[in-house]
Amino acid sequence: MKELLRFEFRKLFQMKTLYIFAGVIVAVLTLNIVTYKFTDVLLQSDALEATGMDFSIFFSGPFDGKKFLVSALLNTEAVLSLAVVISLINCSDFSSGAIKNIFAKGYSRLEVLFAKITASMFVALIFTAISYLFGFFLGCTMWQDIGSDWNLKIIWILLVQIMLMFAYSAMFCFMASFIKKTAGTMVLSIGIPMSFEIIFLVINVLVNDKNFNINNYWIQGNITNLSDAAATNPDIIRALVVAVFYFGIFTLANVLVSRKREV
């Protein structure tokens, strides 16, 4: 089993795509935070008053390191990067035929699946950590403020966000096992989260109930809810339940697919 894990991680760290998309995350985060800083400077100077629009509702402060640490996953660059990398590392064994050699060495399907899920979760952890570190660093650098009111709830918010990213990794890993083709897996892994946002928006409009938001029952919706340090305890608990639920569902589905899959 150790050799199998070593193989997956060696394959992961030899992929140029991992480092390219890590750079993409940093670049997009930097662009977003620089945009916030530029707009904040304009608002402070009243330079936007001539437009007649109240831009402050879109850029509500205070801005500091803590704000951009907690909201580092709000935009989807980390999720989309995760989808691409997991598609590549999990489908490459099928396209190259390496999966047959792995099974020929006596590894069981569950051992192979465990190694792939572990590697996928590790990618999620890397991309989440990069988002946190650069979000916090850039927020502190731009506004010269680490933020106030640090408490245990911040740690819980970050930990549950990580678990939500693990749920995404389980979903992308399942898609790779089910489809086995890199291009198809990549398209669906990117397309499904984006499509869900549109579908859920339409559902919320049709239901038109202030007490109901279908986004609260999906992974990205809970990442959004936890992208504010003012998130409530019920928000955190619901997000934790959602993360565990989807991680369990996609992992179970992956186990069932792996048992019946032909190689």
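Residues numbered from 1 in each chain as written. Predicted model: local features only at pLDDT ≥ 70, side-chain atom pairs only at ≥ 80, totals over all residues. Heavy atoms only, no water.

Draft legend 1. Quick peek at the overall build of the chain. What the chain contains, in helices and strands, is ten helices and zero strands. If you list the helices and strands of the chain from N to C, you get α-α-α-α-α-α-α-α-α-α. Against the 2.2 N^0.38 benchmark of 18 Å for 263 residues, the chain shows a C-alpha radius of gyration of 20 Å, consistent with a compact globule. For the C-alpha atoms alone, the extent of the chain along its principal axes is close to 70 × 40 × 35 Å. Within the span of the chain, comprising 263 residues, buried residues form 43% of the whole. Pairs at least 24 apart in sequence give 82% of the contacts found in the chain among residues at least 6 apart. (Helix = DSSP H or I, 4+ residues; strand = E, 2+ residues; numbered from the N terminus. Rg over C-alpha atoms; globule rule 2.2 N^0.38 Å. Buried < 20%, exposed > 50% of the residue type's maximum accessible area, 1.4 Å probe, protein only. Contact = heavy atoms within 4.5 Å.)

Draft legend 2. Molecular detail of helix H1 (residues 2-13). With twelve residues, H1 ought to run about 16 Å at 1.5 Å a step, and its terminal C-alpha atoms sit 16 Å apart, in line with that. Here H1 has its buried residues at Leu4, Glu8, Phe9, Lys11 and Leu12. Angularly, the buried residues of H1 cover 160 degrees about the axis, an arc narrow enough to put them on a single face. Away from its buried face, by an angle of more than 90 degrees, H1 presents the exposed residues Lys2 and Glu3. (Expected span 1.5 Å × (residues − 1). Arc of directions from axis to C-beta.)

Draft legend 3. Spotlight on the nonpolar core. Formed by 53 residues in total, the largest nonpolar core has its most connected members in Leu82, Phe127, Leu164, Met165 and Tyr168. Elements that contribute at least two residues to this core include exactly H1, helix H2 (16-44), helix H3 (65-70), helix H4 (77-96), helix H6 (109-143), helix H7 (152-179), helix H9 (219-225) and helix H10 (233-260). Ranked by the residues each element gives to this core, the list is headed by H7, at 15 residues. Setting aside residues no more than four positions away along its own chain, Phe127 makes contact with Leu18, Phe21, Ala22, Ile25, Ala78, Ser81, Leu82 and Val85. (Core = buried A, V, L, I, M, F, W, Y, C linked by side-chain atoms within 4.5 Å.)

Draft legend 4. Representation of unusual backbone geometry in the model. At Gln144, a position not held by glycine, the phi torsion is positive, near 55 degrees. Among the secondary structure elements, Gln144 is positioned in the loop between H6 and H7. On the basis of relative accessible area, Gln144 is assigned to the exposed category, the value being 68%. In this model, Lys180 sits at a positive phi of 70 degrees, which is unusual for a non-glycine residue.

Draft legend 5. Local environment of the environment of Asn254. Here Asn254 shows up in helix H10. As for Asn254 and Ile237, which are separated by 17 residues in sequence, their C-alpha atoms are 26 Å apart. In contact with Asn254, other than residues within four places in its own chain, are Leu113, Ile117, Cys173, Phe174 and Ser177. Of the polar contacts made by the side chain of Asn254, one reaches the side chain of Ser177; its length is 2.8 Å. (Polar contact = N/O pair within 3.5 Å; in protein donor to acceptor, adjacent residues only side chain to side chain.)

Draft legend 6. Molecular detail of the packing of H6 against H7. For the pair H6 and H7, the least separation of the axes is 8 Å and the interaxial angle reads 135 degrees. Comparing the axis directions of H6 and H7 gives the class oblique. Relative to H7, the crossing made by H6 is right-handed. Residues Leu113, Lys116, Ile117, Ser120, Met121, Ala124, Leu125, Thr128 and Tyr132 of H6 form the contact with H7, whose own contacting residues are Leu158, Gln161, Ile162, Met165, Phe166, Ser169, Cys173 and Ser177. For the contact of H6 with H7, the residue count by class is eleven nonpolar, five polar and one charged. (Axes fitted to C-alpha atoms, helices over the stretch in contact; angles between N-to-C directions. Parallel < 35°, antiparallel > 145°, perpendicular 65-115°, else oblique. Left-handed = near helix turned anticlockwise from the far one by under 90°. Nonpolar A, V, L, I, M, F, W, Y, C, P; charged D, E, K, R; others polar.)

Draft legend 7. Expanded view of the environment of Leu113. Tracing the chain through its elements places Leu113 in helix H6. On the basis of relative accessibility, which here comes to 4%, the residue Leu113 falls in the buried class. Remark: the alpha-carbon pair of Leu113 and Asn90, spanning 23 residues in sequence, is separated by 9.7 Å.

Draft legend 8. The arrangement of a nonpolar patch on the surface in detail. Taken together, the side chains of Leu152, Ile155, Trp156 and Leu159 define a hydrophobic patch exposed on the protein surface, amounting to about 420 Å² of accessible area. Position of Ile155 relative to the elements: it lies in helix H7. In this structure Ile155 comes out as partly exposed when scored by relative accessible area, which is 46%. (Patch = residues over 30% accessible without salt bridge, like charges linked within 9 Å, V, L, I, M, F, W, Y side chains within 5 Å. Areas by Shrake-Rupley, 256 points an atom, 1.4 Å probe, with all protein chains shown as cover. Salt bridge = Lys/Arg side-chain N within 4 Å of Asp/Glu carboxyl O.)

Draft legend 9. Quick look at the side chain of Asn90. As for its placement among the helices and strands, Asn90 is situated in helix H4. Within polar-contact distance, the side chain of Asn90 engages the side chain of Ser120 at 3.1 Å. Aside from chain neighbours lying at most four places away, what touches Asn90 is Lys116, Ser120, Cys173 and Ala176.

Draft legend 10. How the structure looks around the packing of aromatic side chains. Enumeration over the complete set of coordinates arrives at 18 aromatic pairs. Centre to centre, the rings of Phe63 and Phe68 are 6.1 Å apart; their planes meet at 20 degrees, and the pair counts as stacked. Taking relative accessible area as the criterion, Phe63 reaches 7% and is therefore assigned buried. Centre to centre, the rings of Phe174 and Phe178 are 5.9 Å apart; their planes meet at 25 degrees, and the pair counts as stacked. Separated by four residues within a single helix, Phe174 and Phe178 lie in helix H7, roughly one turn from each other. Given a relative accessible area of 19%, Phe174 falls into the buried group. Using a relative accessible area of 56% as the deciding quantity, one classes Phe178 as exposed. Grouped by ring-pair contacts, the aromatic residues Tyr168, Phe172, Phe174, Phe178, Phe196, Phe200, Trp218, Phe245, Tyr246 and Phe250 constitute a single cluster. (Phe/Tyr/Trp six-rings, centres within 6.5 Å; stacked < 30°, edge-to-face > 60°.)

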